[in-house]
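So the chains spell out like this:
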Amino acid sequence: LRHIDPAKVDGSVVRGQYAQGHVLGQNVPGYRQEPGVDAASVRETYVALRLYIDNWRWGGVPIFLRTAKRMPKKVTTISIKFKDPPHHLFHSNGRTESVANILTIRIQPDEGISLHFGSKIPGPTMDLAPVNMEFRYGTSFGREPPEAYERLILDAMLGESTLFIRDDETEASWEFINRILEGWQSQKRREIPLYAAGSWGPDEADELIAAVGAKWGQP
Amino acid sequence: MSAQADRIVLGDGKPVDPAGVEAAFTGLWREAGGKFAGGSESSVVRACLWNLVAHLPGPSAGLTQVKRLDKLLDDLTQGIPSRVIRLQSRDPETAPKGTDVQAWVATHCHPNTSGGGTVNAEEVTLAAYGEVGASHFPPLVRALRVPDLPMALLWLHSLPPKGRLVGQLMQSADRMIVDSHFMPEKGSLVALQYMRRSAAAFSDLGWMRLTPMRYLIAKLFDPPGHAENLGKLDGVEVEVTPDGLNEGFLLLGWILSRSGYGDYKAIDQGGAKDRFRWHVRRGNRTFPVDLSTRTDFKGEDYDGILRCTIQAGGGRYGMAQVDEEHVSLESPHHVEHHVALHGWEDAELIISALQGVGTDRIYTEALAVAAKLMDTEAWNQ
């Protein structure tokens, strides 16, 4: 994993803090209005990162990661957007939009996998529309998989460590994150981008991903 | 809102907490699976192609409008598997204690007319009380839309109001669909012209309904030598029913923009209660453009264009509505008295809009000219 230079942290990392808003029908206060929080706090509740892995398989592939509190819903997904082909066969009629193929692995909730691709609309014209091909655990097996911690606690009791990270992985994670924290601390900022609770984050995060001609998925 | 209208909006919806909508859907689909195939849970596939977010009229709207939109959404979901999120703003005085927003869920399985399986729709109705309640709409839509599928915002009963609510909903939408026929406000097309610019893609059913009529008018200029006459306009007259004024403006906008008069100067305007005149000048050429309303048309269910006459190159080209489904055509080379006008149902128009890419460039140009005509003293005095 390519380390982020603390002096250039803003080029690869966006942070934010939630302001007052609405989440799933509830009015929620801003972070600074939460009980016990300093009214001038610049503590981040949102982070988006652009990462690169320097090996032959992932070389040149930007990896975007975002995590935050007070998003519209709690969801964990991994989306793999495939490269556009160099030649679009169906572009000539001007009515067909390029549809990127996206493989989405939904970790929770609604566990499953979906493949997003362009399909020809039935009929004589050569028009494409985006469609999803879905696999849902709940539908295919008639029941939802167990909660994540049910499985982990059982594994811990059985001494099965496959799903647990090792201490050297934890240390490597902190080494990576500490460089980002160093970069932020050296800036001594008194302001932080705000985003409304119930939104998908600050505009700066959209700009981070737009720099490579992409946009965040709609989870 | 009357109890009857409330029943139409909610249908057989089941009340749920907004945070419990997804869980409620899972339960409803399990029930549907059982009903359709004797208990096999995988027998109903939750296919979905679009998120359709439809704003419904508020408590002051008439029953007819509520019924029209309800039927339209029902027809739409029969043609396109989708999740429909209905948004309705209600009077804050009628809010249950401590409630800003309420939710109901329903699922509908329509037999597939082309054979095999069912076309499914998931419907969430969100009712918000007052402005505070309506501010819940954008985050709820973000949470409730089906992931990674496109979203269309349908605002088909009035001119969408300016402000953050519409702006935020439009920001999440891949297509905004409006209906200029239901916008009696004086500057509605001017407002639409601004709104269109901030939409990812924009469709107007008022414009799309003009398509068969536009084909017939354009056909008059197909014979060799007649297309050139469009560059030599001597006058344009459009007559509409009182509720069809926006269609009239759009038709004028289309004729002027397609004839090369998009970049014109409107001078010497005059206007009366039901008759408006602009003098259009471009280069050395000046000609009158008239828009008037007529109330004596016999077709009770018809609203829109009644007559369109174009004087060009010394010839007269015209189309006039005979009854609800027929028009007569006239040009220097040709007269036809009873030509069928093949209109489309609104649901078909919306499906066609959803299958399009971007905003219709011809509409964009026609709207710009129509908005310019509407933004003059002749119209606003």
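My aim in this report is to walk through the structure given alongside it, one point at a time. (Residues numbered from 1 in each chain as written. Chains lettered and ligands numbered in written order. Predicted model: local features only at pLDDT ≥ 70, side-chain atom pairs only at ≥ 80, totals over all residues. Heavy atoms only, no water.)

## Quick look at the overall build of chain B
Looking only at helices and strands, chain B features 13 helices and 16 strands. Burial analysis of chain B (381 residues in total) assigns 52% to the buried set. When contacts within chain B are restricted to residue pairs at least 6 apart in sequence, those whose partners lie at least 24 apart make up 72%. Accessible surface, chain B as shown: approximately 16600 Å² in total, 50% of it carbon and sulfur. (Helix = DSSP H or I, 4+ residues; strand = E, 2+ residues; numbered from the N terminus. Buried < 20%, exposed > 50% of the residue type's maximum accessible area, 1.4 Å probe, protein only. Contact = heavy atoms within 4.5 Å. Areas by Shrake-Rupley, 256 points an atom, 1.4 Å probe, with all protein chains shown as cover.)

## A closer look at helix α5 (residues 137–144) of chain B
Of all eight residues in α5 of chain B, eight are buried; the element is thus mostly enclosed. Within α5 of chain B, the full set of buried residues consists of F137, P138, P139, L140, V141, R142, A143 and L144 of chain B.

## Considering the packing of aromatic side chains
Residues and elements named next belong to chain B. Evaluated as defined, the whole model comprises seven aromatic pairs over all chains. Ring geometry for F249 versus W278: centroids 5.7 Å apart, planes at 70 degrees, classification edge-to-face. Of this pair, F249 sits in helix α10 (residues 245–258) while W278 sits in strand β11 (residues 275–282), and the two are 29 residues apart along the sequence. Both residues of the pair, F249 and W278, belong to the buried class. An aromatic cluster of three or more residues is present, and its members are F202, W207 and Y363. (Phe/Tyr/Trp six-rings, centres within 6.5 Å; stacked < 30°, edge-to-face > 60°.)

## Section: the side chain of D155 of chain A
Its location among the elements puts D155 of chain A in helix α2 (residues 148–158). In contact with D155 of chain A, not counting residues within four places along its chain, are E160, L163 and F164 of chain A.

## Section: a negative patch on the surface
On the surface, D203, E204, D206 and E207 of chain A cluster together to form a negatively charged patch. Secondary-structure assignment places E207 of chain A in helix α4 (residues 203–210). (Patch = residues over 30% accessible without salt bridge, like charges linked within 9 Å, V, L, I, M, F, W, Y side chains within 5 Å. Salt bridge = Lys/Arg side-chain N within 4 Å of Asp/Glu carboxyl O. Lys, Arg positive; Asp, Glu negative; His and termini not counted. Charge placed at Lys NZ, Arg CZ, Asp CG, Glu CD.)

## Points about the pattern of salt bridges
Residues and elements named next belong to chain B. This structure, assessed with the given rule, holds 25 salt bridges over all chains. Of the charged contacts, one joins R83 and E122 as a salt bridge, the two residues approaching to 2.8 Å between their closest N and O atoms. In this pair, R83 sits in strand β3 (residues 82–90) while E122 sits in strand β5 (residues 118–129), placing the two residues 39 residues apart along the sequence. When its relative accessible area of 6% is taken as the criterion, E122 is described as buried. Its salt-bridge partner being R307, residue E239 comes within 3.5 Å of it at the nearest N-O pair. Of this pair, E239 sits in strand β9 (residues 233–240) while R307 is found in strand β13 (residues 305–312), placing the two residues 68 residues apart along the sequence.

## Comments concerning unusual backbone geometry
For residues other than glycine, phi is negative in most cases, and the peptide bonds are mostly trans. Residue and element names in this part refer to chain A. The peptide bond linking Q108 to P109 adopts the cis configuration, its omega dihedral lying at -15 degrees. Residue R70 is not a glycine yet carries a positive backbone phi of 60 degrees. Residue R70 is classed as partly exposed on the basis of its relative accessible area, which comes to 31%. Here D110, not a glycine, exhibits a phi torsion of approximately 55 degrees, which is positive. Overall, the relative accessible area of 30% leaves D110 in the partly exposed class.

## A few points about the interface of chain A and chain B
Counting residues at the interface gives 30 residues for chain A and 25 residues for chain B. Both faces combined, the contact of chain A with chain B buries some 2400 Å², and carbon together with sulfur accounts for 53% of it. At the boundary of chain A with chain B, the tally comes to zero salt bridges. Applying the counting rule to chain A against chain B returns nine residue pairs in polar contact (both at pLDDT 80 or more). Mapped by element, the contributors of at least two residues to the side of chain A that touches chain B are β3 (26–28), β9 (128–136) and α1 (137–140) of chain A. By residue number, the principal contributor to the side of chain A that touches chain B is β9 of chain A, which donates four residues. When the residues that make up the side of chain A that touches chain B are grouped by side-chain class, the tally is seven nonpolar, 17 polar and six charged. (Buried area = accessible area lost by both parts, 1.4 Å probe. Polar contact = N/O pair within 3.5 Å; in protein donor to acceptor, adjacent residues only side chain to side chain. Nonpolar A, V, L, I, M, F, W, Y, C, P; charged D, E, K, R; others polar.)

## Focus on the environment of D91 of chain B
Residues and elements named next belong to chain B. In this structure, D91 sits in the loop between β3 and β4 (101–111). Sequence separation between D91 and T64 is 27 residues; the distance between their C-alpha atoms is 19 Å. A polar atom in the side chain of D91 sits 3.0 Å from the backbone nitrogen of E93.

## Some details on the packing of α5 of chain B against helix α6 (residues 164–172) of chain B
All names here are of chain B. Contact geometry of α5 with α6 gives a least axis separation of 9 Å together with a crossing angle of 20 degrees. As judged from the angle between their axes, α5 and α6 are roughly parallel. Pair α5 / α6 crosses with right-handed handedness. Contacts from F137, P138, V141 and R142 in α5 reach L165, Q168, L169 and S172 in α6. By residue class, the composition of the contact of α5 with α6 is five nonpolar, two polar and one charged. (Axes fitted to C-alpha atoms, helices over the stretch in contact; angles between N-to-C directions. Parallel < 35°, antiparallel > 145°, perpendicular 65-115°, else oblique. Left-handed = near helix turned anticlockwise from the far one by under 90°.)

## As for the sheet that holds strand β8 (residues 112–120) of chain A
Residues and elements named next belong to chain A. Ordered by their spatial adjacency, four strands build an open sheet running β6-β7-β8-β9, and the pairing between neighbours is antiparallel. Each end of this open sheet is capped by a strand with a single partner; those strands are β6 (76–81) and β9. Here the strands of the sheet are splayed against their neighbours by 20 degrees on average, with no regard to which way each runs. Across nine bridges, β8 lies against β9 in antiparallel orientation. Bridging from a neighbouring strand, G118 pairs with P130 of β9. (Pairing = 2+ DSSP bridges.)

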